[in-house]
Amino acid sequence: MSVSETKPSTSASISETAKQPWLLYAIVAILLSLGLGLYWDGLAEAVFRWESQEEYSHGYLIPLVSLYIIWENRFKIRSSYTEPLWGGVAVMFLSLLVYLIGEISALYILIHYSFITFLLGVSLAFIGKATRYTLLPILILCFAIPLPYFIEIILTAKTQLI
């Protein structure tokens, strides 16, 4: 009896997932669609600000740039795929708590950053340590988040005095 037969390996679960990637893709698609449904009002507010304010018109391009970077890293992600990390579930849970606080306080910026944190949790939960290749594209999404109105007014008022 060889060592590989007596000791269950983690590569077996990875290879089983690799044989059925559609299952992983389906779970990610379901979670992302639920996340989009939950965060829809906050994302719609961001898109409204992108449409109505010229200084945020770049917001449409940021998600596309992020997706492009993930697409370029797809082979690195696939080759360094490890077991899913349960820490990702904790990150998703914490992001939902921040979302709840944002909904109660009506601060859309909390909802926006909560969505980015939720995406990070999804990445950790499904691709594990390969998240190092999706971390930068997810964090780039921060540049698409509009500032809250009160901060924007304070900053523009002070710069007009210069």
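Use the structure listed above.
A brief report on the enclosed structure follows.

Criteria and cut-off values
- Residues numbered from 1 in each chain as written.
- Predicted model: local features only at pLDDT ≥ 70, side-chain atom pairs only at ≥ 80, totals over all residues.
- Heavy atoms only, no water.
- Salt bridge = Lys/Arg side-chain N within 4 Å of Asp/Glu carboxyl O.
- Helix = DSSP H or I, 4+ residues; strand = E, 2+ residues; numbered from the N terminus.
- Buried < 20%, exposed > 50% of the residue type's maximum accessible area, 1.4 Å probe, protein only.
- Phe/Tyr/Trp six-rings, centres within 6.5 Å; stacked < 30°, edge-to-face > 60°.
- Lys NZ or Arg CZ within 6 Å of the ring centre and 35° of its normal.
- Expected span 1.5 Å × (residues − 1).
- Arc of directions from axis to C-beta.
- Contact = heavy atoms within 4.5 Å.

Any two side chains of opposite charge can pair, given that their charged atoms come close. Inspection of every chain in the model, using the stated rule, returns two salt bridges. Arg49 is the partner of Glu45 in a salt bridge, and the nearest nitrogen-oxygen pair spans 3.8 Å. With Glu45 and Arg49 both in helix H4 (residues 40-52) and four residues apart, the pair spans about one turn of that helix. Overall, the relative accessible area of 12% leaves Glu45 in the buried class. A salt bridge links Glu152 to Arg49; its shortest N-O distance comes to 2.8 Å. With Glu152 in helix H10 (residues 149-160) and Arg49 in helix H4, this pair connects stretches of sequence that are 103 residues apart. The exposure class of Glu152 is buried, given its relative accessible area of 12%.

A few words now on the packing of aromatic side chains. Tallied over the entire structure, the rule returns four aromatic pairs. When the ring of Tyr39 is compared with that of Phe115, the centres are 5.2 Å apart and the planes differ by 65°; the resulting orientation is edge-to-face. Residue Tyr39 is located in the loop between helix H3 (21-38) and H4, and its partner Phe115 is located in helix H8 (residues 108-127); the two are separated by 76 residues in the primary sequence. Each member of the pair Tyr39 and Phe115 is classed as buried. Both rings, one in Tyr39 and one in Phe118, keep their centres 5.7 Å apart while their planes meet at 50°; by these two values the pair is tilted. Of this pair, Tyr39 sits in the loop between H3 and H4 while Phe118 sits in helix H8, and the two are 79 residues apart along the sequence. Exposure class is identical for Tyr39 and Phe118. Each is buried. Here the aromatic residues Tyr39, Tyr99, Phe115 and Phe118 are joined through ring pairs into a cluster of three or more. Across from the ring centre of Tyr149, 4.0 Å away, lies the NZ or CZ of Arg49, which sits over that ring.

A separate point is H4. Side chains three or four residues apart in an α-helix point the same way, a direct result of the helix having 3.6 residues per turn. In this model H4 runs 18 Å from its N-terminal to its C-terminal C-alpha over 13 residues, within 8% of the 18 Å that 1.5 Å per residue would give. Taken as a whole, H4 has its buried residues at Gly42, Glu45, Ala46, Arg49 and Trp50. Taken down its axis, H4 places every buried residue within 140° of arc, on the same side. Of the exposed residues in H4, the ones pointing more than 90 degrees away from its buried face are Trp40, Asp41 and Glu51. Where H4 is buried, its residues touch helix H5 (61-72), H8 and H10.

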